[in-house]
Protein chains: 2
Amino acid sequence: MNALGRHILLELRDSNPEKLNDLPFIRSSLLNAASETGATIIDHIFHQFSPQGVTGVIAIAESHLSIHTWPEYGYAAVDIFTCGESFDPIDAARLIIRDFESRDPEITKIERGTLNIPASIRNR
Amino acid sequence: MNALGRHILLELRDSNPEKLNDLPFIRSSLLNAASETGATIIDHIFHQFSPQGVTGVIAIAESHLSIHTWPEYGYAAVDIFTCGESFDPIDAARLIIRDFESRDPEITKIERGTLNIPASIRNR
């Protein structure tokens, strides 16, 4: 029983708060992490909140990347969801950890779509 | 120690495969689930794959919603990430389960950003 998707939850703790509030930097970091590790970018949305914080989502052919930052806590939540084997989400996570200078990152790997597919579905 | 974000992973198994390949339906369902439960939509991306499958991401003021569908398996992976209390991601998940007629859904709740914030960060 193989998973259809691999979902990486990255807790980016104790990071550089200035970078966590810098939309151009954040966009560049995530787009670079996606493309450098072989993902195919479809489109992206990045949004600056007031007084602080940035949200970004990138749709990729292999699924998505997202980031939500709390500069006031030196924290960001990052997700990397991928299907197939064309890029390694752990490699992308490592690039993002480096860019935001996280001194206490945590990576959680979750398998998505581990299906026991009944014949009634398989044959629909 | 409170979490900054709540992350709902929704396994949408045994769903209607035609709806899982219908981009306008999927976009409408997710935008409706966000707005009906009180989320504030910033922007969205939806993409149709060939021969089948749809990816969608919605940036909201409270974080994001995403969906990736595998019509051939009657399956979709949905995430709803929210911060604050302005909308309940479980309510949004229930609307999505209803729309795709999932007969075997599974909701996993994950707390994101449960920080032991050191003074050095808190005061930066």
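Because the structure is predicted, anything quoted here is derived from the model rather than measured.

Criteria and cut-off values
- Residues numbered from 1 in each chain as written.
- Chains lettered and ligands numbered in written order.
- Predicted model: local features only at pLDDT ≥ 70, side-chain atom pairs only at ≥ 80, totals over all residues.
- Heavy atoms only, no water.
- Buried < 20%, exposed > 50% of the residue type's maximum accessible area, 1.4 Å probe, protein only.
- Helix = DSSP H or I, 4+ residues; strand = E, 2+ residues; numbered from the N terminus.
- Pairing = 2+ DSSP bridges.
- Least-squares fit on C-alpha atoms with pLDDT ≥ 70 in both.
- Contact = heavy atoms within 4.5 Å.
- Buried area = accessible area lost by both parts, 1.4 Å probe.
- Salt bridge = Lys/Arg side-chain N within 4 Å of Asp/Glu carboxyl O.
- Polar contact = N/O pair within 3.5 Å; in protein donor to acceptor, adjacent residues only side chain to side chain.
- Nonpolar A, V, L, I, M, F, W, Y, C, P; charged D, E, K, R; others polar.
- pLDDT = per-residue confidence, 0-100.

Some points on the pairing of strand β1 (residues 3–13) of chain A
Residues and elements named next belong to chain A.
Argument step 1. Along β1, nine of the 11 residues are buried, which leaves the element largely enclosed by surrounding structure.
Argument step 2. Relative to strand β6 (residues 104–114), β1 runs antiparallel, the two sharing 10 bridges. Paired with A3 across the two strands is T114, which belongs to β6.
Argument step 3. Bridging between β1 and strand β5 (residues 75–83) involves eight bridges; their strand directions are antiparallel. Considered in β5, the bridge of L9 is made with D79.

Points about the relation of the copies chain A and chain B
One copy of the chain maps onto the other through a rotation about an axis plus a displacement along that axis.
Argument step 1. When chain A is fitted onto chain B, the two copies agree to an RMSD of 0.0 Å after a turn of 180° and an axial shift of 0.0 Å. Taken together, the rotation and translation describe the operation of a two-fold axis. Taking C-alpha positions as reference, the residue of chain A nearest the rotation axis is V57 of chain A, located at 3.5 Å.
Argument step 2. Same-surface contact between copies: 100% of interface residues of chain A are shared with the interface of chain B.

What about the interface of chain A and chain B?
Argument step 1. Counting residues at the interface gives 43 residues for chain A and 44 residues for chain B.
Argument step 2. For the pair chain A and chain B, the two sides together bury roughly 3500 Å², of which 69% comes from carbon and sulfur.
Argument step 3. Our count for the chain A to chain B interface comes out at four salt bridges.
Argument step 4. Run the count over chain A and chain B and you get 16 residue pairs in polar contact (both at pLDDT 80 or more).
Argument step 5. Secondary structure elements with two or more residues in the side of chain A that touches chain B: β1, β2 (41–48), β3 (54–60), β4 (63–70), β5 and β6 of chain A.
Argument step 6. Here the side of chain A that touches chain B is composed, by residue class, of 22 nonpolar, 12 polar and nine charged.

Considerations on the confidence of the model for chain A
Argument step 1. Averaged over every residue, the pLDDT of chain A is 92; the share at 70 or more is 92%.
Argument step 2. In this model, residues 119–124 of chain A is a region of pLDDT below 50 whose contacts with residues beyond four sequence positions or in other chains number 11 contacts.

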